Structures are given as structure tokens and as C-alpha cells.
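# Inside the fold
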Amino acid sequence: MIKVGIVGATGYAGAELVRILQGHPEAEIVWYGSKSYAGEAFASIYRNFFQVVESPCKSDDLKEMAKQVDVIFTATPQGYLSSIISEEILEEAKVIDLSADFRLKDVSVYEKWYGIEHKAKELIGEAVYGLDEVNREQVKKARLIANPGCYTTCSILTAYPLVKEGLIDPTTLIIDAKSGTSGAGRGAKVPNLFCEVNESIKPYGVTTHRHTPEIEEQLGYACGQEFAISFTPHLVPMNRGILATEYASLKEVKMPDGSVRKPDLAYIRSVYEKYYGKEYFVRVLPEGVMPETRWVEGSNFLDIGLAVDERCGRVIMVGAIDNLVKGAAGQAVQNMNLLFGLPENTGLTMVPLFP
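Residues numbered from 1 in each chain as written. Predicted model: local features only at pLDDT ≥ 70, side-chain atom pairs only at ≥ 80, totals over all residues. Heavy atoms only, no water.

A few words on the sheet that holds strand E15 (residues 314-321). Spatial ordering of the open sheet is given by E8-E9-E7-E10-E15-E14-E13, a layout of seven strands whose pairing is mixed. Strands at the two margins of the open sheet, each flanked by one partner only, are strand E8 (202-203) and strand E13 (282-284). Here E13 pairs with strand E14 (residues 302-309) via three bridges, running parallel. In the sheet register, Val-284 faces E14, and the bridge partner there is Ile-304. (Pairing = 2+ DSSP bridges. Helix = DSSP H or I, 4+ residues; strand = E, 2+ residues; numbered from the N terminus.)

Written out as C-alpha cells, the structure reads:
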């Protein structure tokens, strides 16, 4: 059995890790770390775990945890892991970080967008960006995994095949994304109160959202050039889910028949089949069907729908995930499975919840 420790076990992503790992046949949680609730029964904080999890929460002593576990998940605020990670810890256990501390390779970009000093610069180069559908082989050999963000997972994977194949002009990419309120975490904040969120939808972080450089960096690797995107997130009154609608201008390219033209929908769909046809967690929907967050809720699936607006010469790509599963805890477990040589979908085959 893989022995697991979780730091931040009482946050939404941490609790989702607990839920998923309870059904994992090859993993056992031995340390429920929570600085705020140390000494309290985990099931007293999340009563859905009553008579399921009997363990108390422990401190967030990462050094001691590393001596007792094989893998550590850190579901913590930005800056926590970079301030405490060390070679000593990595020699004892593998670390999968759900924060942004090791996602960006340019430390100056991290410090600019997050407004904090990075205190483990020497480990940034080693960390592997844990987007398994893209970096699977690198993940298998890693000690330190940077688990991608929720908006970024949905946004990157939804556009990746067309960016990689050079079928769109990446400088024209616009991402309009919506998220449920759990994406903001469990902390009490006035803008996230029921009366503030219910019966409303609002954009936030317009031109300044911190997932923007992460999307740009990863898609930049795909097409081999730096570029800027327009990314606008919105808060919607639901618990879970992300829906990203992405627009980009199609390029004229040489087609298999030798003609030079903008690709049509049939060709675009064949490209997605090439990249995702064998991916368990990416479901390219039938033509004419668009994703809905309700059809991925509680699962590790990403649903993708595609359309071409021939009048404008643009492609519309739509992706939907559960932000706490494929956008956080599920993807982290997917990374764990790869690290320990297990089938990638072990413990992650749950069918989406509905209603």
C-alpha cells in the first residue's frame, strides 16, 4: 500500500483527496494534516466521513510526515510549500503540490503575479508540471509534481491539440471561463457569501487572474513561441464545475489532400481524436453536443465540444471539468498513480454524479 500524507486536509481540495483516496485500492492515508484543526477528529469537520474516517487531524510537520509516508499532497496556499520544502524531505517522500509554487518556470513571473517571494528557487527546474495527458513520461520519473490549476487544466487541454498542430493563431486565443464557488476555497470571504453569489454571475480578476501566465507558459511550450491570451474568469452560483469557452482564429494550413485552407470541423475533430482518442479522462463529445458541468461533476473527466464559425474563420472550443477533481484532487491522484507505476485511472473510475 502507498502510504499517504495530506497537508491541508480540511480544505475543499484536501477533503476531496480524502474522499477519492478512501476508494483507492492501493493507497492508505496515514496523516491528515491540518494546522487549524490539529487534534480534532477529521469526521467532526466533514461529517460525510462519519464512521468512514476515524483518524484525528495532525499538525503540518512536513519533515516528520515525510518519514512516515511515501507521498505527500500539499493542498495549501501559495508560498507554503516553497517556504518549507527541502532536499531532506524529497529524499524521504515524493511531493505533489496543489498550489502554484512550482508551476511556473520563470520565478520572476511567479513573484509578479502572486506577489510573494519564492523561497525554493533551486527546485523550480526539477519540478514537473503534472498535466498527465501532456507530460506523462516526465511525471513518472519525478520527485516533485506541480499539480496544475483548475482553470488551467480545463483551458490548456481544451485548446492543446490545435495549438500543438499549429492550426490556430495562438495570439488570437480568448478564454471565457466560469467556475463554481468552491474554487475560491473554504475560507470565509464576504464576496463568496450566499447572498453575494446567489442569483448573480460576475467576472473577476479581469486581465489580472493568476492562472493567466500558467496557461500562456504551457501552451507556449506546445507551439514553441511566447504569446499573450485574453483570459476572463467568472464566478457562478454553483458549488462545483468549470466551463471554459475558447475562441481562436484558424490558420490556413496545408491539408492532407495538398490544398491550403483553413481546416474544417471534420479535420479538427480528427486532430482531437489523434491526441485524446486513447485518453481515459478526456471525452471528445459527438458533433453538435457541447459540454455541461453537470455531466462531469464528481468525476475526473474533461468533456470537450467543438464548433467552427465559418463566417468568422474561428474555432470555438468548449471544455468542462469538476474543479475539485480533474482540476485539483483527482488530477493529483492521477499523478500519484503514475509516480508509483499504477494504471492511471486506479481509484478514479467514478461515474459523474447526477442530479
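Here we come to the pairing of strand E1 (residues 2-7). In terms of burial, E1 is a largely internal element, five of the six residues being buried. By the bridge criterion, six bridges tie E1 to strand E2 (residues 27-33) in an arrangement that is parallel. Bridge pairing in E2 links Val-7 to Gly-33. Handedness of the E1-helix H1 (residues 12-22)-E2 crossover: right-handed. In terms of strand pairing, E1 meets strand E3 (residues 71-74) through four bridges, oriented parallel. Within the sheet, the bridge partner assigned to Val-4 lies in E3 and is Val-71. (Buried < 20%, exposed > 50% of the residue type's maximum accessible area, 1.4 Å probe, protein only. Right-handed = clockwise from strand over helix to strand, strands pointing away.)

Looking now at the pattern of salt bridges. Tallied over the entire structure, the rule returns 17 salt bridges. A salt bridge links Glu-126 to Arg-143; the nearest nitrogen and oxygen atoms lie 2.6 Å apart. Taken together, the residues Glu-126 in the loop between helix H6 (107-114) and strand E5 (128-129) and Arg-143 in the loop between helix H7 (132-140) and strand E6 (144-146) connect sequence positions 17 residues apart. Among the salt bridges present, the one from Arg-261 reaches Asp-264, with a minimum N-O distance of 4.0 Å. Connected via shared salt-bridge partners are Glu-16, Arg-19, Arg-240 and Asp-322. (Salt bridge = Lys/Arg side-chain N within 4 Å of Asp/Glu carboxyl O.)

This brings us to unusual backbone geometry. Phi is mostly negative for residues that are not glycine, and the peptide bonds are mostly trans. For the peptide bond that leads from Phe-354 to Pro-355, omega is 0°, which places it in the cis range. Within the secondary structure layout, Pro-355 lies in the segment after helix H12 (325-339). In this model, Gln-51 sits at a positive phi of 60°, which is unusual for a non-glycine residue. Its location among the elements puts Gln-51 in the loop between helix H2 (42-45) and helix H3 (62-68). Even without a glycine there, the phi angle at Thr-207 is positive, about 70°. Taking relative accessible area as the criterion, Thr-207 reaches 65% and is therefore assigned exposed.

Let us look at the side chain of Thr-76. Inspection of the secondary structure puts Thr-76 in the loop between E3 and helix H4 (80-84). Setting aside chain neighbours within four positions, we find Thr-76 in contact with Val-7, Gly-8, Asp-97 and Ser-99. (Contact = heavy atoms within 4.5 Å.)

To describe two helices that pack against each other, one gives the angle between their axes and the distance between the axes. At a closest axis distance of 9 Å, the pairing of H7 and H12 adopts a crossing angle of 40°. The angle between H7 and H12 places the two elements in the oblique class. Once H7 is placed against H12, the crossing between them reads as right-handed. Touching Asp-132, Glu-133, Arg-136, Val-139 and Lys-140 of H7 are Lys-326, Gln-331, Gln-334, Asn-335, Leu-338 and Leu-339, all from H12. Of the residues contributing to the contact of H7 with H12, the split by class is three nonpolar, three polar and five charged. (Axes fitted to C-alpha atoms, helices over the stretch in contact; angles between N-to-C directions. Parallel < 35°, antiparallel > 145°, perpendicular 65-115°, else oblique. Left-handed = near helix turned anticlockwise from the far one by under 90°. Nonpolar A, V, L, I, M, F, W, Y, C, P; charged D, E, K, R; others polar.)

Take the environment of Tyr-275 next. Structurally, Tyr-275 is set in helix H11 (residues 265-276). On the accessibility criterion, Tyr-275 (21% relative accessible area) is partly exposed. Each C-alpha atom, one on Tyr-275 and one on Ser-249, is 20 Å from the other, the two residues being 26 residues apart in sequence. If we ignore the near neighbours within four places in the chain, the residues touching Tyr-275 are Tyr-160, Pro-161, Lys-164 and Glu-165.

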